[in-house]
Amino acid sequence: MLQRIGCVQSPTFCQELVDLVLYSFLGFLVEVVFARITHNPKRDRKCLYFLPLCPVYGLGVLLMLALPAARSNSWLLFLWAALSATGAEYLMDLFYDRVLGVSFWDYSHLPLNLHGRVCLLFSFFWGILGLIAVRLVHPLAAELVSRIPQAVTLPAALFLALDIGFSVFVLRRDGTTDALMWYRRLPARGARHSLPEK
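First things first, this report covers the structure right here in the doc. (Residues numbered from 1 in each chain as written. Predicted model: local features only at pLDDT ≥ 70, side-chain atom pairs only at ≥ 80, totals over all residues. Heavy atoms only, no water.)

**Let's talk about helix α3 (residues 74–100)**
Alright, step 1. Compared with an ideal rise of 1.5 Å per residue, which puts 27 residues at 39 Å, α3 spans 37 Å between its outermost C-alpha atoms and is within 8% of the ideal.
Alright, step 2. With a side-chain oxygen positioned 2.9 Å from the backbone nitrogen of W75, the residue opening α3 is N73.
Alright, step 3. Two residues or fewer past α3, G101 is found with a positive phi of approximately 75°. (Helix = DSSP H or I, 4+ residues; strand = E, 2+ residues; numbered from the N terminus. Expected span 1.5 Å × (residues − 1). Polar contact = N/O pair within 3.5 Å; in protein donor to acceptor, adjacent residues only side chain to side chain.)

**Side note on the packing of helix α2 (residues 55–65) against α3**
Alright, step 1. As a packed pair, α2 and α3 sit with axes 8 Å apart at the nearest point and diverge in direction by 140°. One finds that α2 runs oblique with respect to α3. Like other packed secondary-structure pairs, α2 and α3 cross with a definite hand, here right-handed. Residues P55, V56, L59, G60, L63 and M64 of α2 form the contact with α3, whose own contacting residues are W80, A81, S84, A85, A88, E89, M92 and Y96.
Alright, step 2. Per-class residue counts for the contact of α2 with α3 are eleven nonpolar, two polar and one charged. (Axes fitted to C-alpha atoms, helices over the stretch in contact; angles between N-to-C directions. Parallel < 35°, antiparallel > 145°, perpendicular 65-115°, else oblique. Left-handed = near helix turned anticlockwise from the far one by under 90°. Contact = heavy atoms within 4.5 Å. Nonpolar A, V, L, I, M, F, W, Y, C, P; charged D, E, K, R; others polar.)

**Concerning the state of the cysteines**
Alright, step 1. Here the structure, examined in full by the defined rule, presents zero disulfides.
Alright, step 2. Here C54 stays unpaired: no disulfide links it, and the sulfur of C47, its closest cysteine neighbor, is 4.1 Å away. (Disulfide = S-S within 2.5 Å.)

**Considering the layout of surface pockets**
Alright, step 1. When its volume is computed, the largest pocket comes out at roughly 650 Å³.
Alright, step 2. At the level of elements, α1 (11–37), α2 and α4 (120–145) are the ones that each hand at least two residues to the lining of the largest pocket.
Alright, step 3. If one sorts the elements of the lining of the largest pocket by residue count, α4 sits on top with six residues.
Alright, step 4. Classifying every residue of the lining of the largest pocket by side-chain character gives 16 nonpolar, four polar and six charged.
Alright, step 5. Around the second largest pocket, the lining is made up of 14 residues, and of these L17, V18, V21, A156 and A157 lie nearest the centre.
Alright, step 6. Going through the elements one at a time, α1 and α5 (150–174) are the ones with two or more residues in the lining of the second largest pocket. (1 Å grid on protein atoms, 1.4 Å probe; cavity = no way out; pocket = protein on both sides within 12 Å on 5 of 7 lines; lining within 4 Å. Points joined across faces, edges and corners; volume = space filled by probe spheres on them.)

**A short note on the packing of aromatic side chains**
Alright, step 1. Within this structure, the stated rule accounts for 14 aromatic pairs.
Alright, step 2. Note on F124 and F125: the rings are 6.2 Å apart at their centroids and 55° apart in plane angle, and the pair reads as tilted.
Alright, step 3. A residue is classified by how much of its surface remains accessible, and F124, at 45% relative accessible area, is partly exposed.
Alright, step 4. Look at F125 and you get partly exposed, because its relative accessible area is 33%. (Phe/Tyr/Trp six-rings, centres within 6.5 Å; stacked < 30°, edge-to-face > 60°. Buried < 20%, exposed > 50% of the residue type's maximum accessible area, 1.4 Å probe, protein only.)

**A word on α5**
Residues lying three or four places apart along an α-helix face the same way, a consequence of the helix completing one turn every 3.6 residues.
Alright, step 1. In a regular helix each residue adds 1.5 Å, so 25 residues correspond to 36 Å; α5 covers 37 Å between its end C-alpha atoms and thus fits that length.
Alright, step 2. When we look at burial in α5, the residues that qualify are T153, A157, L160, D163, S167, V170 and L171.

**Some remarks on the pattern of salt bridges**
Two side chains bearing opposite charge may form a pair once their charged atoms approach each other closely.
Alright, step 1. Considering all chains together, one arrives at four salt bridges under this definition.
Alright, step 2. Two residues, R98 and D97, come together in a salt bridge whose shortest N-O distance is 4.0 Å.
Alright, step 3. Among the residues examined, D97 registers a relative accessible area of 33% and is labelled partly exposed.
Alright, step 4. Three or more residues are tied together by salt bridges with common partners; here these are D93, D97, R98 and R117. (Salt bridge = Lys/Arg side-chain N within 4 Å of Asp/Glu carboxyl O.)

**A word on empty space enclosed by the protein**
Alright, step 1. For the structure shown, the criterion picks out one cavity of 30 Å³ or more.
Alright, step 2. Its boundaries defined by the atoms lining it, the largest cavity holds a volume of some 40 Å³.
Alright, step 3. Every residue along the wall of the largest cavity is listed here: K42, D44, R45, K46, F104, T177, L180, M181 and Y183.
Alright, step 4. Here the residues of the lining of the largest cavity are counted per class, giving four nonpolar, one polar and four charged.

So, in structure tokens, the structure goes:
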């Protein structure tokens, strides 16, 4: 039965999985570039323990694509992208705060914000990103689905689920997003341990 789960037998599952991972990864890259441009002191932007992903972007784009009628009109698509992604951002931050006890972003210093979880300025940015994602990126991303080997889909989904589950555990345990930066605790490459002097 497990062998029959794949892109051929379950195209919708495979496409949504690819979209979720792809746009979560692209969102991570957007966050990294944005942090560099704005000189934000928080340069590590990933939201999972192992994978460099920001799930709010993946969820946001999935919601953007959930209304096919909006794709026919750029203004409608912009509005729907802004509203749907802002809703996803609010719910994700609410989950992080109430369930995990952490916060990945805070807009309380920006005007027209709602509980510091969302704000009008970033809703505008979501609308722009939605136009780019749906009009330019998604047509290319859709081609990836047909090229994914059937045997890859289930292991990828399982690893993603395990990473999400472990990330939830670590964040709840430590109560800080710094817990995801495990790689900072690794010894520097080429570092040598000095021998005690005799």
